[in-house]
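Structural overview for review
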Amino acid sequence: MRTLLLLALLGAASPAWAQEQERKLVDRLLEPNTKLANADQGKKFMGERTASTHAQVNTRSFYVSEKNLARNFADQRSFATATVQPKVFQSRSAYLPANSRPTSFATKPALAPAIASEAAKSVASRGYAGNRAAVVHGKSQKALDRRNPPLTIEQVRELLNKNE
């Protein structure tokens, strides 16, 4: 029971401590201490502009042969071109051997169309919709037309062009 009470007290105290930390942060942001500075802030860094010659370094000598990589070629050769004559093609009729000529083949006659078993039956149906009389207006439409009469083409044009 004591541990539960202790945990409840710690849980209630931690948000209050967090709020205090946040206030301190806001104060530091709004009023920073300008006296604080890094010790190296005013330090000047000067690099040496010459290479260090403190150590003596021995190197081995080496030889690079001068190779002339360019090649000399003999004079360019010249070639004579022959004129090209167009070929003449002969036209003659094709020869078909007797055994490869097309022949006619016997085929079976086409079957007559089958007659459906329901061909003699008839079914009653409604009349064609195109034959019905057109209903001009119902009673609700008449009441709406009396309240808001339909617009003429000129009135529609005026409404559409109102914003221009």
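Below you will find a few notes about this structure. (Residues numbered from 1 in each chain as written. Predicted model: local features only at pLDDT ≥ 70, side-chain atom pairs only at ≥ 80, totals over all residues. Heavy atoms only, no water.)

**Looking at the overall build of the protein chain**
Let me state the cut-off plainly: Numbering of helices and strands runs from the N terminus, with a helix taken as a DSSP run of H or I at least four residues long and a strand as a DSSP run of E at least two residues long. Note on areas: Shrake-Rupley with a 1.4 Å probe; residue coverage comes only from the protein chains shown.
Each helix and strand in the protein chain was counted, giving three helices and zero strands. For the protein chain, the succession of helices and strands along the chain, N to C, is α-α-α. Accessible surface, the protein chain: about 19400 Å² in total, of which carbon and sulfur atoms supply 56%.

**As for the pattern of salt bridges**
Quick reminder of the rule: Salt bridges are defined by distance alone: a side-chain nitrogen of Lys or Arg within 4 Å of a carboxyl oxygen of Asp or Glu. Buried, partly exposed and exposed residues are distinguished by accessible area as a fraction of the type maximum, computed with a 1.4 Å probe on protein chains only: under 20%, between the cut-offs, and over 50%, respectively.
Counted by the stated rule, this structure contains one salt bridge. Among the ionic pairs, E154 bridges to R157, the shortest N-O distance being 3.1 Å. In this pair, E154 and R157 are both assigned in helix α3 (residues 153-160), three residues apart and thus about one turn of the helix distant. When its relative accessible area of 48% is taken as the criterion, E154 is described as partly exposed. For R157, a relative accessible area of 47% corresponds to the partly exposed category.

**Quick notes on a nonpolar patch on the surface**
Stated formally: Patch building starts from residues that exceed 30% relative accessible area and form no salt bridge, then joins like charges within 9 Å and nonpolar side chains (Val, Leu, Ile, Met, Phe, Trp, Tyr) within 5 Å.
On the surface, a cluster of nonpolar side chains totalling about 390 Å² of accessible area is made up of L151, V156, L159 and L160. Position of L160 relative to the elements: it lies in helix α3.

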